[in-house]
Amino acid sequence: MKLPDRSANREWLTGAEPELTRVAAELVQLMLQHRLIANPVATANIAAAEFVAEPQR
């Protein structure tokens, strides 16, 4: 298990399409294909980067 630091969290949680959102969508598709889940899961709003934002000075 790797516990990411603030910088790595920022990479996974920020941007136009956060990496976490993209990977979660891929996982949903994989799970659907293998019938591990019956219905799609919405992944669009799973990334929240507020807690890793740079402090304003």
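Summarised in this report is the structure supplied together with it. (Residues numbered from 1 in each chain as written. Predicted model: local features only at pLDDT ≥ 70, side-chain atom pairs only at ≥ 80, totals over all residues. Heavy atoms only, no water.)

## Looking at the overall build of the protein
Right, on to step 1. A tally of helices and strands in the protein yields two helices and zero strands.
Right, on to step 2. Whereas a compact globule of 57 residues would reach a radius of gyration of roughly 10 Å, the protein reaches 14 Å, over 25% beyond that.
Right, on to step 3. C-alpha extents for the protein along the principal axes are approximately 50 × 25 × 15 Å.
Right, on to step 4. The proportion of buried residues among the 57 residues of the protein is 18%.
Right, on to step 5. Of the contacts made within the protein by residues no fewer than 6 positions apart, 49% connect residues no fewer than 24 positions apart.
Right, on to step 6. Surface summary for the protein: the accessible area is close to 4,900 Å², and the carbon and sulfur share equals 55%.
Right, on to step 7. Positive and negative charge centroids in the protein, built from 6 and 7 side chains respectively, lie 3 Å apart. (Helix = DSSP H or I, 4+ residues; strand = E, 2+ residues; numbered from the N terminus. Rg over C-alpha atoms; globule rule 2.2 N^0.38 Å. Buried < 20%, exposed > 50% of the residue type's maximum accessible area, 1.4 Å probe, protein only. Contact = heavy atoms within 4.5 Å. Areas by Shrake-Rupley, 256 points an atom, 1.4 Å probe, with all protein chains shown as cover. Lys, Arg positive; Asp, Glu negative; His and termini not counted. Charge placed at Lys NZ, Arg CZ, Asp CG, Glu CD.)

## Comments concerning the pattern of salt bridges
Right, on to step 1. Across all of its chains, the model carries two salt bridges by this definition.
Right, on to step 2. We note a salt bridge from Arg 22 to Glu 19, for which the minimum N-O separation is 2.3 Å. Here Arg 22 pairs with Glu 19, and both are found in helix 2 (residues 19–33), just three residues apart, close to one helical turn.
Right, on to step 3. Here Glu 26 and Arg 22 are joined by a salt bridge, their closest N and O atoms 2.4 Å apart. One end of the pair is Glu 26 and the other is Arg 22, both in helix 2 and four residues apart, which spans about a single turn.
Right, on to step 4. For Glu 26, a relative accessible area of 46% gives the class partly exposed.
Right, on to step 5. Looking at Arg 22, the relative accessible area reads 30%, which means it is partly exposed. (Salt bridge = Lys/Arg side-chain N within 4 Å of Asp/Glu carboxyl O.)

## Remarks on the side chain of Thr 21
Right, on to step 1. Along the chain, Thr 21 falls in helix 2.
Right, on to step 2. Not counting residues within four places of it along the chain, the set of residues in contact with Thr 21 comprises Thr 43, Ala 44, Ile 46 and Ala 47.

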